[in-house]
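The lines below spell out each chain.
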Amino acid sequence: QKEVEQNSGPLSVPEGAIASLNCTYSDRGSQSFFWYRQYSGKSPELIMFIYSNGDKEDGRFTAQLNKASQYVSLLIRDSQPSDSATYLCAFKGASNFGNEKLTFGTGTRLTIIP
Amino acid sequence: DGGITQSPKYLFRKEGQNVTLSCEQNLNHDAMYWYRQDPGQGLRLIYYSQIVNDFQKGDIAEGYSVSREKKESFPLTVTSAQKNPTAFYLCASSMGRSRGDQPQHFGDGTRLSIL
């Protein structure tokens, strides 16, 4: 079983709709979860981080964490063409206690259709 | 402005040559990381350092070397032993383990190609 799984996409969403990106992980002891956005040819940019079960909102972005089901999601409301990018989820597993190593998913490519 | 600076942006390596990628940060971060990203792939950790004068191997350290003589700097050398060096190399930093689980922030990356 892979440590982290993301649907590679592409995921196509109409402009103005809600884009939903999901990530599942295998390490039950994982504590911290991060979402990064990566435009083509650019480096990853931090979008959200979440540590506790539930929802965390920041502007048009909402991160959802369910540790019992071992998944983390990113919702993007009122999707804009500028949201078209690859979204990487990352987490710190229990085996990395005492350091800050992160495990990254391979990313979901999101396309917002005008 | 505070940030992470990687140089050069593009680099070409000849057969049998060692090349060094620069990474400098002025965020006062304790921890620094090097990743490699291949087309359509996720990030793979090469080396990381949590404190000056200390570093650990990541998942794909063979053919690479690093040093951490200053808090601000974490250069990566791609040696001739790395047979498939063509990739996008990303440097990242974070506050450090004493601050709890902090996110990593990335530089703009260096694209390395074989001549």
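No experiment lies behind these values; they were computed from the predicted model shown.

> Sorry if this is basic, but what is going on with the sheet that holds strand β3 (residues 19-25) of chain A here?
Hydrogen bonds between backbone groups are what pair the strands of a sheet, and the pairing can be parallel or antiparallel. All names here are of chain A. Taken together, the five strands give an open sheet; going across it, the order is β1-β3-β8-β7-β6, and neighbouring strands pair in antiparallel fashion. What marks the edges here is a single partner per strand, and that holds for β1 (4-6) and β6 (54-58). Taking the axes of each pair of neighbouring strands and ignoring which way they run, one obtains an average angle of 15° across the sheet. Here β1 runs beside β3; their pairing, made up of three bridges, is antiparallel. By the bridge assignment, V4 is partnered in β3 with Y25.

> Would you explain the nonpolar core in this entry?
One recurring pattern in soluble globular proteins: nonpolar side chains tend to sit buried together. Ranked by size, the top nonpolar core spans 23 residues in total, and within it F33, W35, V72, L74, I76, Y87 and L110 of chain A carry the most contacts. Elements supplying a minimum of two residues to this core: β3, β4 (32-38), β5 (45-50), β7 (61-66), β8 (71-76), β9 (85-92) and β11 (108-113) of chain A. If we ignore the near neighbours within four places in the chain, the residues touching Y87 of chain A are Q6, L21, W35, Y36, R37, L74, I76, G107, T108 and L110 of chain A. In terms of nonpolar packing, the next biggest core, distinct from the first, is built from 19 residues, V19, M32, A61 and V78 of chain B among them.

> Just to check I follow, could you spell out the interface of chain A and chain B for this structure?
How big an interface is tends to be stated in terms of accessible area lost as the parts join. Contacts between the two partners involve 22 residues from chain A and, on the opposite side, 26 residues from chain B. Here chain A is connected to chain B by zero salt bridges. The interface formed by chain A and chain B contains four residue pairs in polar contact (both at pLDDT 80 or more). For the side of chain A that touches chain B, the secondary structure elements donating two or more residues are β4, β5 and β9 of chain A.

> Explain the state of the cysteines here, please?
As used in these notes, a disulfide is a covalent bond between sulfur atoms, one from each of two cysteines. All names here are of chain A. With the rule as written, the count across this model stands at two disulfides over all chains. Two residues, C23 and C89, share a disulfide whose sulfurs are 1.9 Å apart. What sets the handedness of the C23 and C89 disulfide is the S-S torsion sign, and at about 45° it is right-handed. One end of the pair, C23, is in strand β3; the other, C89, is in strand β9, with 66 residues separating them in the sequence.

Cut-offs applied
Here, residues in each chain are numbered from 1, in the same order as that chain's written sequence. Naming scheme: in the order in which they are written, chains are lettered from A and ligands are numbered from 1. Predicted model: local features are reported for residues with pLDDT of at least 70 only, side-chain atom pairs are reported and counted for 80 or more only, and whole-chain, interface and lining totals are derived from all residues. To get the side-chain values, all heavy atoms of the structure are used, and hydrogens and water are removed first. At least two bridges found by DSSP between two strands are what make those strands a pair. By definition, any uninterrupted DSSP run of H or I lasting at least four residues is a helix, any uninterrupted run of E lasting at least two residues is a strand, and each is numbered from the N terminus. Every axis corresponds to a line fitted to the C-alpha atoms, with the helix fit spanning only the stretch in contact, and the corresponding angles, defined between N-to-C directions, vary from 0 to 180 degrees. Residues belong to a common nonpolar core when they are buried Ala, Val, Leu, Ile, Met, Phe, Trp, Tyr or Cys residues joined through side-chain atoms within 4.5 Å. Think of it in three bands: with a 1.4 Å probe and only protein chains considered, a residue is buried below 20% of the maximum accessible area for its type, exposed above 50%, and partly exposed in between. It only takes one pair of heavy atoms within 4.5 Å for two residues to be counted as in contact. Within this document, salt bridges are pairs made up of a side-chain nitrogen of Lys or Arg and a carboxyl oxygen of Asp or Glu, the two lying within 4 Å of each other. Between N or O atoms, a polar contact is any pair within 3.5 Å; within protein, one atom must be a potential hydrogen donor and the other a potential acceptor, and residues adjacent in sequence are included only when both atoms are from side chains. For this text, the term disulfide refers to a pair of cysteine sulfurs within 2.5 Å.

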